[in-house]
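Examination of the molecular architecture
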Amino acid sequence: MRFTYCILFLVVGFFANAQQFNDFFIDKTLRLDYIFGGNANQQNIYLNEMIQLDKWHGRVDNLAVTPIQGNGQIKVYDEATNKLIYVLPFSSLFQEWLTLDQAKYQFKSFENTFLIPYPKKSVRIDVSFYNAKNEEKILAQQLIDPTDVLIRKSTQISNQYEVIHKAKIKNPIKIALVAEGYSESDMDAFMEYAQKTKENLFKHKIFNKYQDSFEIVAVKTVSKESGISIPSKNIWLNTAVQSNFDTFYSNRYLTTLHTKLLHNQLESIPYQHIIILANTDFYGGGGILNSYSLTTTKNKEFAPVVVHEFGHSFAGLADEYFYAQDVFENKASLNTEPWEKNITSLVDFSSKWKSLVDENTVVPTPNELSKEVKIGVFEGLKGNGLYIPTLTCRMKINNTEDFCPVCNNAIEEMILFYTQKKVKK
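Residues numbered from 1 in each chain as written. Predicted model: local features only at pLDDT ≥ 70, side-chain atom pairs only at ≥ 80, totals over all residues. Heavy atoms only, no water.

Quick notes on the pattern of salt bridges
What counts is decided by this rule: Definition used for salt bridges: Asp or Glu carboxyl oxygen within 4 Å of a side-chain nitrogen of Lys or Arg. Classification of residues uses two cut-offs on accessible area relative to the type maximum, computed with a 1.4 Å probe and protein chains only: under 20% is buried, over 50% is exposed, and between them is partly exposed.
Summed over all chains, the structure comprises 13 salt bridges. The salt bridge partner of Asp 126 is Arg 124, with a shortest N-O separation of 3.0 Å. Exposure class is identical for Asp 126 and Arg 124. Each is buried. Because the salt bridges share partners, they merge into one network encompassing Arg 31, Asp 33, Glu 49, Arg 152, Lys 260 and Glu 267.

Written out as structure tokens, the structure reads:
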């Protein structure tokens, strides 16, 4: 398919132009803790703390490029030459909150934590947001000297963890599965769900194809109380990463506002991506690009939801469903093409999956043709101004086996980006 060849061309281009990791970085991690604050009219970003971790577990190639835009980006520049040397796209709860009516008249702040390779020399770090028109605005700039004595050295005693899936490549994609709401006596149950998470992930064709590229560890973070906080039921529990339902008053939206606490739990553990497994049967979850995904384990929909949420946090895939009460989801700007690979406003459809749509397929595609058309342009978001490739993708419904071809391509592109594994024709 043409899209696959585009991936191959993109990866080859990365090889031709990539800088070497050792040119600018050492094999350690610089953890950056930020506070994002403000309201719909004014946003501010403050650097809160810097921590040096013992090793770098992220990508070592394709450092100054990104296959997706995200809702924001961390950009690292060599101070001496002003050369861009690292890019990290991200999304955040703060940016979701900015779309709510509450943000028009109220100020609020959110923690955000990012990992970058540890620089050899002084760098400038820009933190930028993209608005609904995909216009970039730099909100913070910091000059950072890697020899700064106020950069805390990691001293946290590691939580116990087990490697439950070993990679077979040199620089794998490292995922930490984190126990949330599991007491000491619950830890055997957590390990069972960690194994089920791995199994469910690799049941999906694209992850199964590249399973040798992943290293997965299960982290036994112990909570003082079993279960998960549900504010609407007046349930508040003392748990490992202090997650709770009712985020933005959506009863199924499960997140943690405590990203510093989350990363503190992982200071001496090999990780770059995070899946939090929550000890509850209450339905819900959440996934935030290059932050974390969070899923309930005891709910009957655990298997599909844990992979769905990882689609958000790992590949930046958008939800393909729409609930009217969730006003922060898939806000459409009909004059702009959204950056997510699996939704389109048709403003620039050629940048999405147009090449995969049969020339005889009607665009937009009526929903009644969903069984006849393998890939179309369906109004699956109920008049929200956005279109999706199919009506049977993991990013839309739970009772389907896999991702659609468009989401598979997006995930594959991300895996190749991290590992530089070439696509076979």
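Some words on the packing of aromatic side chains
Put simply, the test is: Pairing of aromatic side chains requires ring centres within 6.5 Å, counting the rings of Phe and Tyr and the six-membered ring of Trp. Pairs whose planes differ by under 30 degrees are stacked, by over 60 edge-to-face, and all others tilted. Going along the chain from the N terminus, every DSSP run of H or I of four or more residues is numbered as a helix, and every run of E of two or more is numbered as a strand.
Going through the model one piece at a time under the given rule, you end up with 30 aromatic pairs. Here the aromatic rings of Phe 314 and Tyr 418 are separated by 5.7 Å at their centres, their planes lie at 25 degrees, and the arrangement is stacked. Highlighted residues: Phe 314 in helix H7 (residues 302-315) and Tyr 418 in helix H8 (residues 405-419), separated in sequence by 104 residues. We classify Phe 314 as buried; its relative accessible area is 1%. Through a chain of ring-to-ring contacts, the aromatic side chains of Tyr 34, Phe 36, Phe 90, Phe 94, Trp 97, Phe 110, Phe 114, Phe 129, Phe 248 and Tyr 253 assemble into a single cluster.

Notes on unusual backbone geometry
Residue Pro 364 follows Val 363 across a cis peptide bond; omega there is -5 degrees. With respect to the helices, strands and loops of the structure, Pro 364 is situated in the loop between H7 and H8. One non-glycine residue with positive phi stands out, namely Asn 62, at about 55 degrees. Along the chain, Asn 62 turns up in the loop between strand E2 (43-53) and strand E3 (72-78).

Some thoughts on the confidence of the model for the protein
Where we set the bar: The predictor attaches a confidence to each residue, and that confidence, scored 0 to 100, is pLDDT. We call two residues contacting when some pair of their heavy atoms lies within 4.5 Å.
On average, residues of the protein carry a pLDDT of 92, and 90% of them reach 70 or more. For residues 1-16, every residue scores under 50 in pLDDT, and the model assigns this stretch 26 contacts once sequence neighbours within four places are set aside. With pLDDT under 50 throughout, residues 421-425 is counted as low confidence; its partners more than four residues away or in other chains account for 13 contacts.

Some thoughts on the pairing of strand E15 (residues 285-288)
As a reminder, the rule being used: Any two strands with at least two DSSP bridges between them are considered paired.
The alternating pattern of E15 places Gly 285 and Gly 287 and Gly 286 and Ile 288 on opposite faces, both of which are buried. Bridge analysis of E15 against strand E16 (residues 292-296) gives 4 bridges, and the strand direction is antiparallel. Note that in E16 the partner of Gly 287 across the bridge is Ser 293. As consecutive antiparallel partners, E15 and E16 are separated by 3 residues, and within that stretch Asn 290 has a phi angle of approximately 55 degrees, a positive value.

Description of the sheet that holds E3
Note the cut-off: In this analysis, axes come from line fits to C-alpha atoms, helices being fitted only over the stretch in contact, and the angle between any two N-to-C directions falls in the range 0 to 180 degrees.
Within the open sheet, the 4 strands sit side by side as E4-E3-E6-E7. Their pairing is antiparallel. The outermost strands of the open sheet, each flanked by one partner alone, are strand E4 (83-90) and strand E7 (136-144). Put simply, the sheet's adjacent strands are angled 20 degrees from each other on average, direction ignored. Inspection of the sheet shows E3 paired to E4 by 7 bridges, in the antiparallel sense. Following the sheet pairing, Gly 72 is matched in E4 by Phe 90.

Quick notes on the packing of helix H4 (residues 187-203) against H7
Under the convention used in this document: Reported orientations rely on four angle classes, namely roughly parallel under 35 degrees, roughly antiparallel over 145, roughly perpendicular from 65 to 115, and oblique for the rest. With the far helix as reference, a near helix turned anticlockwise by less than a right angle produces a left-handed crossing, and one turned clockwise produces a right-handed crossing. Basically, the charged four are Asp, Glu, Lys and Arg, the nonpolar ten are Ala, Val, Leu, Ile, Met, Phe, Trp, Tyr, Cys and Pro, and anything else, Gly included, counts as polar.
Where H4 meets H7, the axes come as close as 9 Å, and the angle between the chain directions of the two elements is 70 degrees. Viewed along their axes, H4 and H7 adopt a mutual orientation that is roughly perpendicular. H7 is crossed by H4, and the crossing has right-handed handedness. When H4 is examined against H7, the residues Tyr 193, Lys 196, Thr 197, Asn 200 and Leu 201 are found in contact with a partner set consisting of Phe 302, Ala 303, Val 306, Val 307 and Phe 310. Here the residues of the contact of H4 with H7 are counted per class, giving 7 nonpolar, 2 polar and 1 charged.

Points about the nonpolar core
Buried together is how nonpolar side chains tend to be arranged in soluble globular proteins. Heads up, the rule is: Residues belong to one nonpolar core when they are buried, are Ala, Val, Leu, Ile, Met, Phe, Trp, Tyr or Cys, and are joined through side-chain atoms within 4.5 Å.
Counting residues in each nonpolar core, the largest one holds 61 residues, and the members touching the most others are Tyr 34, Phe 36, Ile 74 and Ile 125. For Phe 36, the contacting residues outside a window of four places in its chain are Asn 44, Ile 45, Phe 90, Ser 92, Phe 94, Lys 108, Ser 109, Phe 110, Asn 112, Phe 114, Val 127 and Phe 129. Ala 179, Met 191, Phe 202 and Phe 314 belong to the second largest nonpolar core, which has 51 residues in total.

As for the side chain of Lys 341
Put simply, the rule is: We call two N or O atoms a polar contact when they sit within 3.5 Å, provided that within protein one can donate a hydrogen and the other can accept it, with sequence-adjacent residues counted only if both atoms are side-chain atoms.
With respect to the helices, strands and loops of the structure, Lys 341 is situated in the loop between H7 and H8. Here Pro 67 takes part through its backbone oxygen, which lies 3.3 Å from a polar atom of the side chain of Lys 341. What Lys 341 contacts, discounting residues up to four positions off in sequence, is Pro 67, Ile 68, Lys 352, Trp 353, Val 406, Ala 410 and Glu 413.

Some details on the state of the cysteines
As a reminder of what qualifies: By definition, disulfides here are pairs of cysteine sulfur atoms that lie within 2.5 Å.
According to the stated counting rule, one finds 0 disulfides in the structure shown. In this structure Cys 393 is a free cysteine whose sulfur lies 3.6 Å from that of Cys 407, the closest cysteine sulfur available. Cysteine Cys 404 shares no disulfide, and the gap to the nearest cysteine sulfur, in Cys 393, comes to 3.7 Å.

Let's talk about the environment of Leu 416
Considering the arrangement of structural elements, one finds Leu 416 in helix H8. A C-alpha to C-alpha distance of 22 Å links Leu 416 and Ser 350, two positions 66 residues apart in sequence.

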